[in-house]
Number of protein chains: 2
Amino acid sequence: MSAFEKLLQHSEKVSHFSHLSAICGWDQAAMMPAGGAEARAAAMAELSVHIHNLKTQPQLGEWFNDADNETLNVEQQATLREMKRDWQQANVLPQALVEAQSLAGSRCEHAWRTQRTENDWAGFEKNWAEVVKLSQEEAQIRAEATGLSPYDAMLEIYEPGTSSASLDIVFDDVKGWLPDLIDQALEKQASESFIAPSGHYPAAQQKALGQDVMKLLQFDFNHGRLDESVHPFCGGVPSDVRITTRYRDDEFVQSLMGIVHETGHARYEQGLPKHLAGSAAGEARSMGIHESQSLFFEMQLGRSSAFIAQLASLCVHHFSGHDAALFAVDNLQKIYTRIKKDFIRVDADELTYPAHVILRYEIERDLINGVISHNDVPELWDTKMQQYLGLSTAGNFRDGCMQDIHWTDGAFGYFPSYTLGAMYAAQFMASMRDTVDVEAAVRRADLTPVFSWLQDNLWSKGSLLTTDELVKQATGEVLNARHFKAHLQQRYL
Amino acid sequence: MSAFEKLLQHSEKVSHFSHLSAICGWDQAAMMPAGGAEARAAAMAELSVHIHNLKTQPQLGEWFNDADNETLNVEQQATLREMKRDWQQANVLPQALVEAQSLAGSRCEHAWRTQRTENDWAGFEKNWAEVVKLSQEEAQIRAEATGLSPYDAMLEIYEPGTSSASLDIVFDDVKGWLPDLIDQALEKQASESFIAPSGHYPAAQQKALGQDVMKLLQFDFNHGRLDESVHPFCGGVPSDVRITTRYRDDEFVQSLMGIVHETGHARYEQGLPKHLAGSAAGEARSMGIHESQSLFFEMQLGRSSAFIAQLASLCVHHFSGHDAALFAVDNLQKIYTRIKKDFIRVDADELTYPAHVILRYEIERDLINGVISHNDVPELWDTKMQQYLGLSTAGNFRDGCMQDIHWTDGAFGYFPSYTLGAMYAAQFMASMRDTVDVEAAVRRADLTPVFSWLQDNLWSKGSLLTTDELVKQATGEVLNARHFKAHLQQRYL
Ligand SMILES: [Zn+2]
Ligand SMILES: [Zn+2]
C-alpha cells in the first residue's frame, strides 16, 4: 500500500469518528433532555481526545513525507494537500496550550453570560486578557509554522489562502460606499409602510411550510432532516444533513428565512463529491464559501421578488386564517428587506451586517498582531461604530464589544467569513445570470438550472481547488466587492 | 494508581464510546433518513472495532491479575467481578470465529427475509447449518473457558449464573399446568364479548396519551424521551433513556401497552446506581431481570384492573370523539387479557407466551449441546407445538421454526430471558404486596410506593449482586414458578 493510500485509509477512519461526533452533537442540540448533558459531555470529550490522538499519530509525518515523492494525479495531489493541511492544523499546537485555551475559554464564556447582562467590562476584561494572550500565543506558533503574519495564520483556520492584505482591499472598498448606501436606503424606507405579522402561527404549521420551502429548494429528505434547536444550525454529515430552526408562536418571518439559510448550507453538504467522502478533499472549501451558499439561498434567491412570490403563496396555503394582505408579495418583500442601524450583529439586516463584520475584523486583526491591547477594544469599538453606523457604544459594553460569543472563546479570524460569504454569493449570482435565467426558474418553481450551476461550479468541487481557484473558475474573476455593491444598490435604492 | 483503579478508569473510557454507540444506534432506528444508512453503518462498524480493541487490550489481563490481590470492599469486589466477566466475554472468542459468525449470520438473515415468506426451509437450512455449526463452536469455546456445558455457557451471555438445570426445573413446572390453564381460560373467554377499537386514532393524540401514561409511571423526562421507530425498543444511556413505539392509525391498544412495557425497561435504566455509572457493576443485572421490569410494568401493573381504570380515564380524555363504551374499564380489560392459541410468538398473549419460549428453549438447548441436529428442528417444533398449544406446524416452516430472527443470527440462549422475566415479575409483585398496597397506590394515581420498592430492591443494585442473590434478597426465595402460576390463575380463571 502506498503512503498516500495509507493516509486515505487513516483519513476515512477519522471521518467515521467525526460522523459519530456530528450526529451526537446534533442530538445534543436538538433532541437531548437537559439531564443527559453531563454524561454526554464526558462521552463527547472522550471522542474528541480519540480523534485528536488519531490525527496526531506519529507515523503520519513519515507517510506525508513518503507521499510527497509518490506519483499522484491532480485529484490525488489536491487530496494530499488538504489532508496535510488538516494534519498540520491538528499538530501545530502544543497540548498544554490547547488545554490552557480550553480552560480559559470556558471560564471566560461562563462568566460572560452574566457579565454581559450586567454590562461588567471590568469583570470580563480580567478573564478575557488571558484568552487574548493565549490566542496571541497560538497565532505566533501558527505564524512560525506557516510563514504568515499572526492574524493571517489564524484566518488560515477558517479561510485557507485568504490574507488580511486581500481582505483590506475588499473591505476598504465596502467601507468607501456602505455608510452612504445605508443612509440613502434608510431615507427611501422612511416613507414606506407595511403590515407586520400578528396573531398566532402554530409550530406544526410553520414546520409544514418550512418543509415545503425546503422541497422548493430541492433539499434531499432522503439524506437529511429538519428539526428544532435553540440556536439554529446545519449539522450532521453529507449523507445525512441535519438542519434546525426555532419557531416563535407570534411570527413566522425569522424561522422561515432561517430555514432557507440553513438549506443553503445543507445543499452544499449534500452536493459535495461523494467519491471523495471521508477525505479532506471531499469537504466544504471554507467557512466563507459555506456561508456564501447559505447567503446565496437567503439573500440572493430568498429575498428576490420572484422567490418572495413563491413564499407568499406557500404562506397563504399554510396560514389560512390570517389576513391575506400580510402575505401580499410587496408586503412580504418590505418585511424581508427592512433595514435599521442597530447595535447587535446577529439581529442585523443584509445591508448593515458588513459594517458589523468589518469593525470586528479591523479590531481582531490589530489585536492578534499585537498592534493594540485588549483594553483598547471598547474605545475602538465606539469610534468605528460611530464611523460606520452612526451609533455610539461609549459605556455600553453589553451592546458593544461584549455582545458576541466568538471572542470569549478565542475564535479570532472567523468573523470575516460572514461578509466574505455575502460577497461571494453576489459574485456567484452575477456570474450565474450570464447563463441561467434565475428569475424565470424561480417563477416556474423549478430551480433546477440554479442548483445545477451551483452543483457543477461549487458543490462538486469540495476542496479540490483553492478558494481563489474555485471563485475564479466559477466567476472568471477573483473576489471583489463590485457585485455585492451592485446587488445592494439594486435592492435597496 | 491501583490495578483496580486502572480497570475502573478503562471501563469508564469504554462506556463513553458505548454511550455514543447507544445514541447513534437510537438515531439510526428513530431519526435517520434511509439515505444515511450506508455511511452510518460504516461509522458504527468502526466504533465497534474500536470498542472491541479497547476491551481486548493486552495490559488488561495483568491488571485483572493484580487486582485479584488488592484489598477491595464488597462493592469493589462486585465491580471487579462484573468487569472481569465483561472482559472475559470480549476476549474468549478468536477473532476469526467472530468474523465468520458475523458473515454467516448476515447471509442467513438476509436470505431468511425472503425465504420465510416463501416457506423455503430447504433454502434456509443450507445457510442455517453454518450458523448453527459456528454457534456450536462458540459454545464449545465458552464451555471450556467456564467449565459449563455448551448451552449453559451461551446462557451465561444473557443470564449470568442461570443454568439449564434450574431452567429445566421451573419450565417443567410450567409445562405441567400451562396447557390446562390455557384451555380453561379459553373456555371462560369463549362466551365473553367486547367492543373492539374502531375509527381513527391520530398519532399526535396517541403520543400525548403515551406521555401522560409515562408520567403516571414516573418516567423522568429530564433523563429520557419518547419517539417512534418501526421496531419499538428501549435504548440510550441511563442518564438519557430513549424509548420508542409505533403508532397505528386504526387502534391504540398495542402502542399504549408497548409504551408501558418500554417504560418499565426505561425506569430500570434510570434507576441504576449513579455512583457506579460507567462500570459494569452499574449496569442492568441481566436480560431476564430487564424483562422482569418491563413485564412488571406491562403485565403485573399494566393489566391490573386498577391500572386499566387509569388508562381508561386517560383514553377518554385524549380520544374524545369515540364511543365511551370502548373505554369502559371492563371492556378495556377484556381487550388487554384476550388470549388465543396461535403460531407467532411476538403476537402471543401473556398466557400462551411461555409455551412459545419453553418450546424454543428445549430445542436450542439440545441443538447447542449437540443432542439433536439442525435438521431435526422442524419436526420437533411441530411435536412440541401440538403438545403445548394443540397446533401443528407440519410443512408450515414460515409460522414454525423460521418465524424468529434470533436463531438466524446465532443468538442462542436468549429466548429463556422472556419467560424468566415474566416469572421474576410475578415473584417481585407477590413480595411487594407484603409491604405495599399496590392497588391503592394505583387507584390514587400515585405509584411512588411501588417504585420505591423496585428502586430499593432492584434498580439501585445494578449488577452488585448475582441474579440469585438479587432475587433472594428481594423476595426471600429463589426463582420459582409458583407466583407466576398464581398470577395467571387469578387473572385468567
Ligand atoms: Zn450560516
Ligand atoms: Zn422488553
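This report concerns the structure included in the present document. Being a predicted model, the structure only gives us computed values, none of them experimental. Positions within a chain are numbered from 1, following the residues in the order the chain's sequence is written. Whichever chain is written first is A, and whichever ligand is written first is 1; the rest continue in order. At least 70 in pLDDT is required for a residue's local features to be given in this predicted model, at least 80 for side-chain atom pairs to be given and counted, and no such filter applies to totals for whole chains, interfaces and linings, which use all residues. By convention in this description, side-chain values take in all heavy atoms of the structure and omit both hydrogens and water.

Structural notes on the nonpolar core
And step 1. Only buried residues count toward a nonpolar core. Its members are Ala, Val, Leu, Ile, Met, Phe, Trp, Tyr and Cys residues joined through side-chain atoms within 4.5 Å. Partly exposed describes any residue whose relative accessible area lies between the buried limit of under 20% and the exposed limit of over 50%, with all areas from a 1.4 Å probe on protein chains only and scaled to the type maximum. Formed by 115 residues in total, the largest nonpolar core has its most connected members in W128, F252, F296, L301, V450 and L454 of chain B.
And step 2. Secondary structure counts use DSSP, requiring at least four H or I residues in a row for a helix and at least two E residues in a row for a strand, with both numbered from the N terminus. Among the elements that take part in this core, helix α16 (residues 416–432) of chain B stands out by supplying ten residues, more than any other.
And step 3. The split of the chain into domains comes from an automatic or database domain assignment. The residues that make up this core include at least three from each of domain 1 (3–149) and domain 2 (165–492) of chain B.
And step 4. Whether two residues are in contact is decided by their heavy atoms: any pair within 4.5 Å suffices. Discounting chain neighbours no more than four positions away, the residues touching V450 of chain B are F296, L301, M432, V436, V438 and A441 of chain B.
And step 5. V132, L181, W381 and A481 of chain A belong to the second largest nonpolar core, which has 114 residues in total.

Points about unusual backbone geometry
And step 1. For A445 of chain A, which is not a glycine, the phi torsion comes out positive at approximately 60 degrees.
And step 2. By the secondary structure assignment, A445 of chain A is in the loop between α17 (438–443) and α18 (448–457).
And step 3. Here A445 of chain A falls in the partly exposed class, since its relative accessible area comes to 37%.
And step 4. Even without a glycine there, the phi angle at N119 of chain B is positive, about 55 degrees.
And step 5. Structurally, N119 of chain B is set in the loop between α5 (95–117) and α6 (121–146).
And step 6. The exposure class assigned to N119 of chain B is partly exposed, which follows from its relative accessible area of 21%.

Notes on the interface of chain B and chain A
And step 1. If you look at the interface, chain B gives 31 residues, while chain A gives 31 residues.
And step 2. By convention, the term buried area covers the 1.4 Å-probe accessible surface removed from two parts as they join, with the contributions of both added. Counting each side, the surface lost to burial between chain B and chain A is near 2600 Å², with a carbon and sulfur contribution of 64%.
And step 3. Here, a salt bridge means any Lys or Arg side-chain nitrogen found within 4 Å of an Asp or Glu carboxyl oxygen. Put simply, chain B and chain A have four salt bridges between them.
And step 4. Residue R242 of chain B is joined to D27 of chain A by a salt bridge in which the shortest nitrogen-to-oxygen separation is 2.8 Å.
And step 5. Throughout this description, a polar contact denotes any pair of N or O atoms lying within 3.5 Å of each other; where both atoms belong to protein, one of them has to be capable of donating a hydrogen while the other can accept it, and for residues adjacent in sequence the pair is counted only when both atoms sit in side chains. On inspection of chain B and its partner chain A, the count reaches 14 residue pairs in polar contact (both at pLDDT 80 or more).
And step 6. Among the elements of the structure, α1 (3–30), α2 (37–55), β1 (224–228) and β3 (240–245) of chain B are those that each provide at least two residues to the side of chain B that touches chain A.
And step 7. In this count, Pro and Cys sit with the nonpolar residues alongside Ala, Val, Leu, Ile, Met, Phe, Trp and Tyr, while Asp, Glu, Lys and Arg are called charged and the others, Gly among them, polar. Taken together, the residues that form the side of chain B that touches chain A break down as 15 nonpolar, nine polar and seven charged.

Here's the deal with the relation of the copies chain B and chain A
And step 1. Residues below a pLDDT of 70 in either copy are left out; the C-alpha atoms of the rest, at least 70 in both, set the least-squares superposition of the copies. For the pair chain B and chain A, the relating rotation is 180 degrees, the translation along its axis is 0.0 Å, and the fit reaches an RMSD of 0.0 Å. Taken together, the rotation angle and the small translation identify this as a two-fold axis.
And step 2. Comparing interface residues between copies, 100% of those in chain B also lie at the interface in chain A; the contact surface is shared.

Some words on the coordination of the zinc ion (ligand 1)
Residue and element names in this part refer to chain A.
And step 1. The protein atoms that coordinate the zinc ion (ligand 1) are H261 (NE2), H265 (NE2), E291 (OE) and E291 (OE), at distances of 2.1 to 2.7 Å.
And step 2. Counted as coordinating are nitrogen, oxygen and sulfur atoms within 2.8 Å of the metal, or 3.2 Å for Na, K and Ca, while water is not included, which may make sites look incomplete. Metal sites are grouped by the angles between bound donors: all angles between 85 and 135 degrees with four donors is tetrahedral, opposite donors over 155 degrees apart with the others between 65 and 115 is square planar for four donors and octahedral for six, and any other pattern is irregular. Taken together, the four donor atoms coordinating the zinc ion (ligand 1) span angles of 49 to 126 degrees at the metal, a pattern that classifies the geometry as irregular.
And step 3. According to the relative accessible area criterion, H265 is buried, its value standing at 10%.

Some points on the coordination of the zinc ion (ligand 2)
Residue and element names in this part refer to chain B.
And step 1. Each protein donor to the zinc ion (ligand 2) is listed here as H261 (NE2), H265 (NE2), E291 (OE) and E291 (OE); together their distances run 2.1 to 2.8 Å.
And step 2. Angles of 49 to 125 degrees at the metal separate the four donor atoms of the zinc ion (ligand 2), which places the site in the irregular class.
And step 3. Look at where the donors of the zinc ion (ligand 2) fall in the sequence and you get H-x3-H-x25-E. Within this pair, whereas H261 is found in helix α10 (residues 253–271), its partner E291 is found in helix α11 (residues 287–301), the two being separated by 30 residues in sequence. An identical accessibility class is assigned to H261 and E291; each is buried.

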